[in-house]
Amino acid sequence: MRRILCFGDSNTYGYSPDGQRYEEDSIWPGVMGKLLGDRFEVIVDGKNGRTIAFDDPYMEDCNGMRDIEASLEANAPLDLVILMLGTNDLKMYFNSNPAEIADNLKLMCDLIQKKTDAKILIASPMLLGDEIEFSPTLSLEFGRAQIDYSFDFAPRFEKVAKEVGAGFIDLAVVAVSSGADCLHLMPEEHQQVGVAMKEKVMDAFAEEIRAEEEEEARRKAEEEEARRKAEEEARRKAEEEEARRKAEEEARRKAEEEEARRKAEEEARRKAEEEEARRKAEEEEARRKAEEEARRKAEEEEKKALLEKKEIEEAARKKQEEILKEAAKETQKETVFDPMNPNQEELPVWQVGDMDLSAPTQEEEDILLSGEITSASLSQEQQEDNLASMLQDDQPSGLGNVEFLTGGALDSFSASSSGSETEFGGLTTLAFGSAAGESEEKDKMLAGKLYQCDEELRKEIFAARKLTDEFNQTRYDDEDGRERIIRDLLGSVGEKVRVEAPFRCDYGFNIHVGDNFYANYGCTILDGCKVTIGNNVLLGPNVQIYTASYPVYAPLRNEGYEYGEEITIGDDVWVGGNATILPGAHIGTNVVIGAGSVVTGDIPDGVVAAGNPCRIIRKISEQDKQFGLRKKED
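Scope of this entry: the structure provided in the associated data block. (Residues numbered from 1 in each chain as written. Predicted model: local features only at pLDDT ≥ 70, side-chain atom pairs only at ≥ 80, totals over all residues. Heavy atoms only, no water.)

**A few points about the overall build of the protein chain**
Step number 1: Counting its secondary structure elements, the protein chain contains 14 helices and 30 strands.
Step number 2: Of all 634 residues assigned to the protein chain, the portion counted as buried reaches 38%.
Step number 3: About 36400 Å² of surface is accessible on the protein chain, with carbon and sulfur atoms providing 49% of the total. (Helix = DSSP H or I, 4+ residues; strand = E, 2+ residues; numbered from the N terminus. Buried < 20%, exposed > 50% of the residue type's maximum accessible area, 1.4 Å probe, protein only. Areas by Shrake-Rupley, 256 points an atom, 1.4 Å probe, with all protein chains shown as cover.)

**Description of the sheet that holds strand β10 (residues 451–452)**
Step number 1: Pairing is antiparallel in the open sheet, where three strands are placed in the order β10-β21-β20. Taken across any chain shown, the strands that pair with only one partner, and hence form the sheet edges, are β10 and β20 (548–549).
Step number 2: Inspection of the sheet shows β20 paired to strand β21 (residues 561–564) by two bridges, in the antiparallel sense. The partner of A548 across the bridge, within β21, is G564. (Pairing = 2+ DSSP bridges.)

**Quick look at the side chain of S16**
Step number 1: Mapped onto the elements of the fold, S16 is located in the loop between α1 (10–13) and α2 (28–36).
Step number 2: For S16, a relative accessible area of 3% translates into the label buried.
Step number 3: One polar contact links S16 to D18, side chain to side chain, over a distance of 2.3 Å. (Polar contact = N/O pair within 3.5 Å; in protein donor to acceptor, adjacent residues only side chain to side chain.)

**A word on the pairing of strand β4 (residues 119–124)**
Step number 1: Counting buried residues along β4, five of its six residues qualify, which places the element largely inside the surrounding structure.
Step number 2: Of the pairings in the sheet, the one linking strand β3 (residues 80–84) to β4 comprises four bridges and is parallel in character. Looking across to β4, one finds that L83 is bridged to I122.
Step number 3: With helix α4 (residues 98–115) bridging β3 and the parallel β4, this β-α-β connection has right-handed handedness.
Step number 4: Examined bridge by bridge, β4 and strand β5 (residues 167–170) share four bridges and lie parallel to one another. Bridge assignment links A123 to a residue of β5, and that residue is I169. (Right-handed = clockwise from strand over helix to strand, strands pointing away.)

**Quick notes on the environment of G570**
Step number 1: With respect to the element layout, G570 can be found in the loop between β22 (567–569) and β23 (573–575).
Step number 2: Judged by its relative accessible area of 15%, G570 is buried.
Step number 3: Separated by 33 residues in sequence, G570 and V537 have C-alpha atoms that sit 7.9 Å apart.
Step number 4: Here G570 is in contact with G534, N535, V537, I587, G588 and T589, once residues within four sequence places are set aside. (Contact = heavy atoms within 4.5 Å.)

**A look at the nonpolar core**
Step number 1: Grouped together as the largest cluster of nonpolar side chains are 39 residues, with contacts concentrated most on F517, L539, I545, I587, I593 and I603.
Step number 2: With three residues, the single largest contributor to this core is helix α12 (residues 479–489).
Step number 3: If we ignore the near neighbours within four places in the chain, the residues touching I603 are H586, I587, G588, V591, I593, A609 and C614. (Core = buried A, V, L, I, M, F, W, Y, C linked by side-chain atoms within 4.5 Å.)

**A look at the pattern of salt bridges**
Step number 1: Counted according to the given criterion, the structure contains 70 salt bridges.
Step number 2: In this structure, K263 engages E259 in a salt bridge whose closest nitrogen and oxygen atoms are separated by 3.9 Å. With K263 and E259 both in helix α8 (residues 206–331) and four residues apart, this pair spans about one turn of that helix.
Step number 3: Given a relative accessible area of 51%, K263 falls into the exposed group.
Step number 4: The exposure class assigned to E259 is partly exposed, which follows from its relative accessible area of 34%.
Step number 5: Measuring nitrogen to oxygen at the nearest pair gives 2.4 Å for the salt bridge that ties R296 to E300. With R296 and E300 both in helix α8, this residue pair falls four residues apart, about one helical turn.
Step number 6: A single salt-bridge network, built from bridges that share partners, covers D45, K47, R50 and D67. (Salt bridge = Lys/Arg side-chain N within 4 Å of Asp/Glu carboxyl O.)

**Some thoughts on the side chain of T547**
Step number 1: Secondary-structure assignment places T547 in the loop between β19 (544–546) and β20.
Step number 2: A polar contact is formed between the side chain of T547 and the backbone nitrogen of G528, at a distance of 3.0 Å.
Step number 3: A polar contact of 3.1 Å, which involves the side chain of T547, links it to the backbone nitrogen of C529.

**Quick word on the packing of α2 against helix α7 (residues 187–204)**
Step number 1: α7 packs onto α2 with a crossing angle of 50° between their chain directions and a minimal axis gap of 8 Å. Relative to α7, α2 is oriented oblique. Every pair of crossing elements has a handedness; the one defined by α2 and α7 is right-handed. Contacts between α2 and α7 involve W28, V31, M32, L35 and L36 from the former and H190, Q191, V193, G194, V195, M197, K198, V201 and M202 from the latter.
Step number 2: Each residue belonging to the contact of α2 with α7 can be placed in one class, and the counts come to ten nonpolar, three polar and one charged. (Axes fitted to C-alpha atoms, helices over the stretch in contact; angles between N-to-C directions. Parallel < 35°, antiparallel > 145°, perpendicular 65-115°, else oblique. Left-handed = near helix turned anticlockwise from the far one by under 90°. Nonpolar A, V, L, I, M, F, W, Y, C, P; charged D, E, K, R; others polar.)

The structure is reproduced here in structure tokens:
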């Protein structure tokens, strides 16, 4: 039996890319041993991190030059030593090269030849994978230079083999490193290396094995010939008897097989018919149940929708009745002299929505709204609170726009009136229709409540569109003009702000950006509510930021109601192109949002997030910093 020592590093040890160790019979020495058979004994001496001649400061006892002599003595006698080393000698901190590594390999071969008469087989290791320089861990040991060096191993190692009279195999043409870590072998690669090594071993002992095989073949041939002659006569007689017996057995077997086949076909046909009938019955039952369930759910949904509709209409009707009753009570109180109507002439009757306020209801007497409605029993502050709670909150859609004014001002009920005011000193005026002065709808919009776009808000939108149109028509080199328009348009602007055209927004005054802000082409911000953007924020092309939203309940939406939710973006944020940020979203500090993402909620600090809906992919780590610094140095 010939003894073979496999002396190598982690790929001889059987280290897997996931940090485990393969079974002994699945690594290349085990594969080679099984292929060689009982005439060879394979001894494995592999060690993770082993070099040819370097002391690794991070791994103890990995110098192969110190290990080889002890291994030779412990495993003597040996007929062949396979050396599979060199990859770990390329590590950056050894500052070595293929020429120096090859010289060290020659010294190891000289030592082996002094200590033993065994043959030597030198294996040039696999190439390093191209992606190893981007590995979070291995990039600290192997970079671009080490990848290039690995291509120079084969010619130099082959030269050493010729100089010392050893065999040679280039494993770079046999197998490739794993795509997982670009360094170690996968099981299928171990299999290929084992097969190639077996062929090299057989070549090394070809003449000896051939002589042994020829002698063994001659001996067996003589024994076989004697045995053959003895058996020939017995076989001839046995064959004659066997032929007769087989003929009878074959006839009986065919008859039994035919009967069995006929019965099997009959049973299979019967079962198939039963299964088909059962399947059709089950399908019919399932279809009937599905139709019944769908019909039941449709009826429940219809009943639920009708009930909800009735509840909403009933609530609106009750609220409307409460408002009209309150207005009727006010008209029954004492009416003071109206300086706007000195002759006390009868004033025209107004309507609110579809309700004629001049027509009496079943529970009320006639209500006539003339110059003003007074309240002697309540203070001005109490009257404002009571009427504000009735008229401003949850207004029924049937009453149109109902607003509450204080301070004695009385406006026309027409939307086109001049809006003149008259002071009556402490009296409360109830006005139906559009209100004078500051837009109450704007206050609702800024507060995130339901609102309708009135004339004042439309003026704000037109003013913003005028500025954005002017901005989008500026020349690309008119940086001062662009900055002036942006500072006039937005609510607040930090230092070093740059926005590419085209840019669109609703109002502008709700947008607040910090220092070092950049928005690429096609940015749109619907700023019905406040949009706060921190320092050092980059927006990719076509980023969309929407605070605006509509009620899900269709009747409110059809009446023109809308609302908004604030959006905040922290410092040091990069938002990729075509990303959409929806109402109420909050993005933390030091965040990267992937291109095309849809942000619907909160994104915490220090993460990379992407997708629709946008979700956390991973945390931003020290490896990102090292990668960026390395790219900067390159």
